[in-house]
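Structure assessment
Here are the chains, one letter per residue:
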Amino acid sequence: MDTVLAALATVVGLWLLINLVGALIVGALARAIMPGKDNVSWFMTILVGFIGGIVGKVVAYMIGWRELGIFGGFCVSVLGAFVLLLAHRLWTSSKKGK
């Protein structure tokens, strides 16, 4: 039983690590294509990449893009992260104006 739990922990740990690295890449790419300077931490970059990937893929699925493949899924994830970063920028700029 201990061997099964150790194997499961290894798989979950690798899954989490791969997703965090992917979210960092997606978030950093979204920040790179966003014009202007963002005051966003690395943690926020990972969070934007992770949530943006989920949002982008859900929206793509809802509009009928079922079979995206790896490249299509990556592009949709970056687009979702870009939209979230834009929303974050608009939200923080509206708070500074008040």
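Empty space within the largest pocket amounts to approximately 300 Å³. Within the residue set of the lining of the largest pocket, elements represented by two or more residues are α1 (2–33), α2 (42–62) and α3 (69–97). Here the lining of the largest pocket gets six residues from one element, more than from any other, and that element is α2. Grouping the amino acids of the lining of the largest pocket by side-chain chemistry returns eight nonpolar, seven polar and one charged.

Within the secondary structure layout, T3 lies in helix α1. Owing to a relative accessible area of 63%, T3 belongs among the exposed residues under this scheme. When the C-alpha positions of T3 and M62 are compared, they lie 41 Å apart, and in sequence the two are 59 residues distant.

The residue S77 is located in helix α3 in this model. S77 gets classed as buried once you look at its relative accessible area, which sits at 4%. Residues contacting S77, with those up to four places away along its chain left out, are V26, G52, G53 and K57.

Below, the discussion takes up the packing of α1 against α2. Their axes nearest at 7 Å, the elements α1 and α2 cross at an angle of 95°. Considered as vectors, α1 and α2 are oriented roughly perpendicular to each other. Seen from α1, the contacting residues are N19, L20, A23, L24, V26, G27, A28 and R31; seen from α2, they are W42, T45, I46, G49 and F50. For the contact of α1 with α2, the per-class residue count stands at eight nonpolar, four polar and one charged.

As a further point, take α2. Its 21 residues give α2 an end-to-end C-alpha distance of 30 Å, which sits within 8% of 30 Å, the value for a rise of 1.5 Å per residue. Within the span of α2, buried status applies to T45, V48, G49, G52, G53, G56 and A60. For α2, the buried positions fall inside an angular range of 135° around the axis, keeping them on one side. The outward face of α2, more than 90 degrees from its buried face, is lined by the exposed residues F43 and M62. G64 sits one or two residues past α2 and shows a positive phi near 110°.

Criteria and thresholds
Residues numbered from 1 in each chain as written. Predicted model: local features only at pLDDT ≥ 70, side-chain atom pairs only at ≥ 80, totals over all residues. Heavy atoms only, no water. 1 Å grid on protein atoms, 1.4 Å probe; cavity = no way out; pocket = protein on both sides within 12 Å on 5 of 7 lines; lining within 4 Å. Points joined across faces, edges and corners; volume = space filled by probe spheres on them. Helix = DSSP H or I, 4+ residues; strand = E, 2+ residues; numbered from the N terminus. Nonpolar A, V, L, I, M, F, W, Y, C, P; charged D, E, K, R; others polar. Buried < 20%, exposed > 50% of the residue type's maximum accessible area, 1.4 Å probe, protein only. Contact = heavy atoms within 4.5 Å. Axes fitted to C-alpha atoms, helices over the stretch in contact; angles between N-to-C directions. Parallel < 35°, antiparallel > 145°, perpendicular 65-115°, else oblique. Expected span 1.5 Å × (residues − 1). Arc of directions from axis to C-beta.

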